[in-house]
Amino acid sequence: MSQVGAPRGRTCSRTIRSVALLTSGVLALPVLAACSSDGDERSKAPAAAQDVGPAARDRIADGGTLRWAVDTVPTTLNTFQADADAATSRIAGAVLPSLFTLDKTGRPQRNPDYLESAKIIEREPKQVVLYKLNQQAVWSDGRELGAADFVAQWRALSGKDSAYWTARNAGYERIQKIERGANDLEVRVTFNKPYADWRALFSPLYPKDVMGAPNSFNDGARAKLKATAGPFQLKEMDRADREITLVRNPRWWGARPKLDTIVLSAVPRDKRAAALAAGTLDLAEIDSPVAERITQARHNKGGGAGPQTGAGPASGARGPGAETTAASATPSSAEENGSDEEDEEKAEAARESREKKTRALAKYAKEQRGLGGYVVRKSLEPAFTQLALNGETGPLADERVRRAVARALDRKKLAEAVLKPLGLPANPPGSHLALAGQHAYADSSDALGDQNTREAQALLADAGWTPGGAVKKDDGTKAGSEADADKKKDKEKDKEKEKGENGSETSGTDKKKEDKGDKEAGAKDSESGSASDSDSASDEGAYIVGDNKPGRGAPLSETGSRVIAPAAVGQARWLDDGDVNAQDRQPGGMAGAYAPGGTAAPAADSASPSTTSSASASASASPSTSASPLPGPLGKDGKPLTLRFVLPSGPGSEQLRTVGQKIARMLDRIGIRTEITKVADADYFKDHVASGDYDLALYSWPATAYPATDGRPIYAKPVPASDGSLLVEQNYTRVGTDHINQLFDQAASELDEKAARDLLRRADARIWAAAGSIPLYQRPQLVAAKPAVANAGAFAFAAPRYEDIGFKDPAKSGPEQPQKSAGATQSPEASPKESADETGNDSGNDSGNESAGESDEQ
């Protein structure tokens, strides 16, 4: 995977980020004006505040070891390689320079530990940025940071030398030259074309010893780092014990780290409850069932009601034996009397069952006592889950059908199903390219419209899908499926559908059975696309693109699409009157950003995929937009309108399956049937989403501070290759237009920040209108922490400040300012004053960094 895109001489780009894509406007689209000032004001307030147990440095004890859970021991320490993951990024953040870091609102701030200033000093004839380095900044080997490090990183990531196995290069290819300034502390970077996102470059910055030659880049930083320049340095990466040990950097010139050591322990998500209960972790991201267990344990510890059988809002909090009844717990007369051999066998089995339950309950109770020693810190993660619609072939190639799917969805209800039980705000994202609180955020969803069943049905009718257009299938042909099924398989599916229509799978009381089966990790291979409205959703399995990526080879889908790289992010917005024109139907596109990283879906032991058709349960709609459910599936040219909905099957993916079932029910109301296909988590992204083997899919994209750079490859129009395949970059919906590409290109080259935001918002409006990607909800961020842990937890947008993390000193535990709950809207911080061509004066944010978010030009 380290050479993704190399077959065509391309490297891919920057970091992991946001969404999927869409197409040109075939229908008459609403005329959209520029973003209002109200939208700008709303963008200043994050939907939820960070929750990190804040404490001033003088209230934190000196010393100590923090045991912090990660998903895996990273396979590389080079964040610019394709197999880099979230653990790679966490280590890099603690041991390497980041010239700009993100604040609480997701805006880049100059890091004064490394930069005294960074500003655009020339615009014509070329853009020139002058970096003035902190004179104290040195590598751990004693050498000063300097122009040589900048030059080595530029040459490695410029894309001009294919010997470097890079996964991302956006922005570096725009650099013309790098040279020393007036002294060793100044670095002049000259661009061959304007680059608005120049602050994204050189973070992290690697020493020239890593970047200076292909061999050292490809292999020299996979398991060790010869030199570092952060508050911590890498001491050991123990793959046998699955631990990475970071210790204080004795050459660190900034604020002395409060901790002596940070131990990053690789603990799988499904093992974290046990690890926390055993007290082997101080800090760990968790899923909602574990959060519920911690909440219940603290309630009981504080004198609340004791454990009750079946108590708790979710299965994860109920514990083993929750279905045990008084009758089942009482020995039967047969068990006691043992009248004959058969009764004795039954009695023995019953005793063994009771003993097993007793042991499980004892283990659970012991774990609960351990979990009572933690608190749950929660916020909204800077990432959102979307419904992706594959527009390459089948019914979804018609924009009207995609728009109908989108108009059938009650996004508010879906968001509430995931976030409301956690006490988090449940407002669906209004942008593909930014989240609430970020400077570029503006709600452009009006370009598509709200949920409206009648309009969705009208769009389908206009596209030719009518109740009379379907005939009974007897040859396995399905619209939206890419492979024909044999007659025997079709008959079996017809029988399953009949059972569903008769209520055996989804109607009445049997919905509970279906829900129960879905929560039993892999107990059932298939299930209906319908589910009860009361389905609870955890935050597990919210699949973020970036960790399980396609392999080295560029996989071809059955329709000839080739994926040259996975994921990235984007944001955009407005459509003018003349935005829909001939250029949207012309081929185009170019290589874009690649972004490794994110949160991996937990691995599963799933078997082969299984499928079932959705039954005809109906979803509620608002009175003003509701319409009567159609009597049967829609059809066209003798084929029913059926979409293949691919979902992961593992025990950590309950949330996606629950949301998927709700979506299937909403689509059923407008006459669209869904065939839900469950696949192993390990295969979900690589073999289905990335290769295009799906009609509908759910996965998440992280937000970005640089949407012009990170959004383009996700929304770029796929380009035909010479062999007839389709180069889709990270656009897994395979939908795009030249005009969207142009808006991204213009925004990336626009040095006036306000003008760049307007271009992005116009692009985002086009993305909404094309309905290739439908943002559903911002992901919850749940972290278990020992109460004494300070300045760490649910960071939300902000980058961790590792030197300030520690344990509160009991001797200095005076009253502190109360922190707002995670569900409360955070008040915007004082907006940094805009500066001319400079990244600004001190902004007063927590990390002490300086503002870089405003325009370089008034």
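Everything quoted here is computed from the prediction, not taken from an experiment. (Residues numbered from 1 in each chain as written. Predicted model: local features only at pLDDT ≥ 70, side-chain atom pairs only at ≥ 80, totals over all residues. Heavy atoms only, no water.)

Overview of the nonpolar core
For clarity, the cut-off: The set of buried Ala, Val, Leu, Ile, Met, Phe, Trp, Tyr and Cys residues whose side-chain atoms join them within 4.5 Å is what this entry labels a nonpolar core. Throughout this description, buried means an accessible area under 20% of the type-specific maximum (1.4 Å probe, protein chains only), exposed means over 50%, and partly exposed covers the range between. Segments assigned H or I by DSSP are reported as helices when at least four residues long, segments assigned E as strands when at least two residues long, and all are numbered from the N terminus. Here a residue-residue contact requires only that any non-hydrogen atoms of the pair lie within 4.5 Å.
Residues L276, L387, L460, I663, L698, I774 and L776 are the most contacted members of the largest nonpolar core, which totals 91 residues. When residues in this core are grouped by element, the largest group, seven residues, is from helix α21 (residues 753-770). Among residues more than four places away in sequence, those in contact with L276 are L281, A284, I286, V290, G370, L371, Y374 and A784. Counting 79 residues, the second largest nonpolar core, distinct from the first, contains A118, A266, L751 and F807.

Side note on the sheet that holds strand β6 (residues 175-180)
Threshold: The criterion for strand pairing is that DSSP finds at least two bridges linking the strands in question. A fitted line through C-alpha atoms represents every axis, and for helices the fit uses only the stretch in contact; the resulting angles, taken between N-to-C directions, go from 0 to 180 degrees.
The sheet built from four strands is open, its strands ordered β4-β5-β7-β6 with antiparallel pairing. The open sheet has two free edges, formed respectively by β4 (115-122) and β6, since each of these has just one partner strand. The average undirected angle you get between the axes of adjacent strands in this sheet is 20 degrees. Packing of helix α3 (residues 147-157) onto the sheet brings it into contact with β5 (128-133), β6 and β7 (186-191), and relative to β6 it is tilted by some 160 degrees.

Here we look at the pairing of strand β19 (residues 696-702)
Within β19, seven of the seven residues are buried, leaving the element largely enclosed by the surrounding structure. On β19, burial covers both faces: L696, L698, S700 and P702 on one face and A697, Y699 and W701 on the other are all buried. Of the strand pairs in this sheet, strand β12 (residues 375-389) and β19 are connected by seven bridges, and their pairing is antiparallel. The residue of β19 that forms the bridge with L387 is L698. Judged from the two bridges that link them, strand β17 (residues 642-648) and β19 form a sheet pairing that is parallel. When the bridges of β19 are listed, V646 appears paired with A697.

Brief notes about helix α18 (residues 681-689)
For the record, the criterion: By definition, the arc is the one covered by directions from the helix axis to the C-beta atoms.
If you check which residues of α18 are buried, you get D681, Y684, F685, H688 and V689. Seen end-on, α18 carries its buried residues on one side only, within an arc spanning 115 degrees. Contact partners of the buried residues in α18: β17, β18 (673-679) and β19.

Side note on the packing of helix α20 (residues 738-749) against α21
Filter applied, for reference: Orientation is classified from the angle alone, with under 35 degrees giving roughly parallel, over 145 giving roughly antiparallel, 65 to 115 giving roughly perpendicular, and any other angle giving oblique. Crossings are classed by handedness, with left-handed meaning an anticlockwise turn of the near helix from the far one by less than a right angle and right-handed meaning a clockwise turn. Each residue gets one label: Ala, Val, Leu, Ile, Met, Phe, Trp, Tyr, Cys and Pro are nonpolar, Asp, Glu, Lys and Arg are charged, and the others, such as Gly, are polar.
Viewed as axis vectors pointing N to C, α20 and α21 meet at an angle of 160 degrees, and their least axial separation amounts to 8 Å. When the interaxial angle is binned, α20 and α21 end up roughly antiparallel. Crossing of α20 against α21: the hand is left-handed. Two secondary-structure elements touch here, α20 through H739, I740, L743, F744, Q746 and A747 and α21 through A756, L759, L760, R762, A763, R766 and I767. Looking at the contact of α20 with α21, its residues break down into nine nonpolar, two polar and two charged.

Focus: the environment of G660
Structurally, the position occupied by G660 is in helix α17 (residues 654-669). Classification of G660 by relative accessible area gives buried; the value is 0%. For the pair G660 and L698, spaced 38 residues apart in sequence, the C-alpha separation works out to 7.6 Å.

A look at the pattern of salt bridges
Stated precisely, the cut-off is as follows: Salt bridges are counted wherever a side-chain nitrogen of Lys or Arg sits within 4 Å of a carboxyl oxygen of Asp or Glu.
Under the counting rule described, the total for this entry stands at 33 salt bridges. Among the ionic pairs, D149 bridges to R143, the shortest N-O distance being 2.8 Å. With relative accessibility at 0%, the residue D149 sits in the buried group. The exposure class assigned to R143 is partly exposed, which follows from its relative accessible area of 24%. Here E348 ties to R351 by a salt bridge, and the two come within 3.0 Å at their closest N and O atoms. Residue E348 and its partner R351 are located together in helix α11 (residues 341-371), separated by three residues, close to a single helical turn. When its relative accessible area of 30% is taken as the criterion, R351 is described as partly exposed.

A look at the packing of helix α19 (residues 707-715) against α20
In contact at an axis separation of 9 Å, α19 and α20 are set at 160 degrees when each is read in the N-to-C sense. In terms of axis orientation, α19 runs roughly antiparallel to α20. Once α19 is placed against α20, the crossing between them reads as left-handed. Along the contact surface, α19 presents P707, A708, G711, R712 and Y715, while α20 presents I740, N741, F744, D745, A747 and A748.

In short, geometric facts, not functional conclusions.
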